[in-house]
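What the coordinates show
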Amino acid sequence: MKPEMNPNKILVFTGAGISAESGLQTFRDSDGLWNNFRVEDVATPEAWTIDPALVLQFYNDRRKEVFAAEPNAAHYAVAKLEEKYDVVVVTQNVDDLHERAGSTNVIHVHGQINYARSSSNDTLLYPLAEGAPIQLGDLCEEGSQLRPHIVWFGETIENYELTRKHIIAAGKVLVVGSSLQVFPAAGILKKARYNAEKIIVTQKLDHKPSGFKLLRGNATSLVSSVANDWLNGNRVF
């Protein structure tokens, strides 16, 4: 059964753009990581089979960068919405900046860089403290090599049905920093209610989904403005 829309529920959907404003390099921009690394070499199950040492080094470097980064004003503004609303954050990002900013209900659809998982049993997860690396020879309790807890190209995204349930029930939807080019995650937005208040904050977007209000600019300023309006009981448009 389709859940009822809850006017007090906010679904926040974030992509690489929000973390870029904390200094984390994106993948798809003109100066992004995919200009220096081939997807096929570091972000597929086949790459893991061919050269696990290279894959581990790539994500070990990303993990150190995430550990050194700090949440920005947009992350904190999203967390502040919990003062008045039931907020669910769905993120395409693998960093933990939302959690560090204070958001308490964060759903990751592409995995989490600060966790390792078994290469043979994806239910076995292990937290990695302070940007710690994964090395060849690091094994899970069942004896399999640990790998990054990242959804690679060709693998199934996580938490799709849970995310779909939340967005259908949301009275407000805020999209921040996503190019909406990575599917199937981006397709979840089509499940938003037609009468929900729907806003996209981004610097780069070719085509916005139907029914969304586009605010083009920096997340650090625009998300704070949107959050203040909602906290004061105002519509953004």
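Below you will find a few notes about this structure. Because the structure is predicted, anything quoted here is derived from the model rather than measured. (Residues numbered from 1 in each chain as written. Predicted model: local features only at pLDDT ≥ 70, side-chain atom pairs only at ≥ 80, totals over all residues. Heavy atoms only, no water.)

1. Some remarks on the packing of aromatic side chains
Put simply, the rule reads: Each aromatic pair joins two rings of Phe, Tyr and Trp (for Trp, the six-membered one) with centres within 6.5 Å, and gets the label stacked for planes under 30 degrees apart, edge-to-face for over 60, and tilted for any other angle. Each residue's exposure class comes from its accessible area (1.4 Å probe, protein chains only) as a fraction of the maximum for that residue type: buried when under 20%, exposed when over 50%, partly exposed otherwise. A run of H or I in DSSP counts as a helix once it spans at least four residues, and a run of E counts as a strand once it spans at least two, with each numbered from the N terminus.
Considering all chains together, one arrives at three aromatic pairs under this definition. Taking the centre distance of 4.8 Å and the plane angle of 90° together, the rings of Phe58 and Tyr59 count as edge-to-face. In this structure, Phe58 and Tyr59 share a single accessibility class: buried. Relative to Trp152, the ring of Tyr59 has its centre 6.4 Å away and its plane inclined at 40°; by these criteria the two rings are tilted. Pair noted here: Tyr59 is in helix 4 (residues 52–68) and Trp152 is in the loop between strand 6 (146–150) and helix 7 (160–169), with a separation of 93 residues, a long-range link. Note on accessibility: Tyr59 and Trp152 belong to one class, buried. One aromatic cluster is present, built from ring pairs that chain together Trp48, Phe58, Tyr59 and Trp152.

2. What to know about the nonpolar core
Here is the rule we go by: For the purposes of this section, nonpolar cores are sets of buried Ala, Val, Leu, Ile, Met, Phe, Trp, Tyr and Cys residues that join through side-chain atoms within 4.5 Å. Should any heavy atoms of two residues lie within 4.5 Å, those residues are counted as being in contact.
Of all hydrophobic cores here, the largest spans 23 residues; its most connected members are Ala43, Val55, Tyr59, Ile113, Ile134, Ile150 and Trp152. Where this core is concerned, the elements lending two or more residues are helix 2 (39–42), helix 3 (45–50), helix 4, strand 4 (111–118) and strand 6. It is helix 4 that provides the largest number of residues to this core, a total of five residues. Discounting residues that sit within four places of it in the chain, Val55 has contacts with Asp41, Val42, Ala47, Trp48 and Trp152. Ranked by size, the runner-up nonpolar core spans 22 residues in total, among them Ile18, Tyr85, Val87 and Leu174.

3. A closer look at the side chain of Asp95
What counts, and what does not: Under this rule, positive means Lys or Arg and negative means Asp or Glu; His and the chain ends count for nothing. We define a salt bridge as a side-chain nitrogen of Lys or Arg found within 4 Å of a carboxyl oxygen belonging to Asp or Glu. Identification of polar contacts relies on pairs of N or O atoms within 3.5 Å, with a donor-acceptor requirement for protein atoms, meaning one able to donate a hydrogen and the other able to accept it, and with residues adjacent in sequence counted only if both atoms are side-chain atoms.
Mapped onto the fold, Asp95 is located in the loop between strand 2 (86–91) and helix 6 (97–101). Here Asp95 occupies a buried position and makes no salt bridge, while the nearest side chain of opposite charge, Arg100, is found at 6.7 Å. In terms of polar contacts, Asp95 uses its side chain to reach the side chain of Ser19, at 2.6 Å. Setting aside chain neighbours within four positions, we find Asp95 in contact with Ser19, Leu24, Val66, His108 and Ile113.

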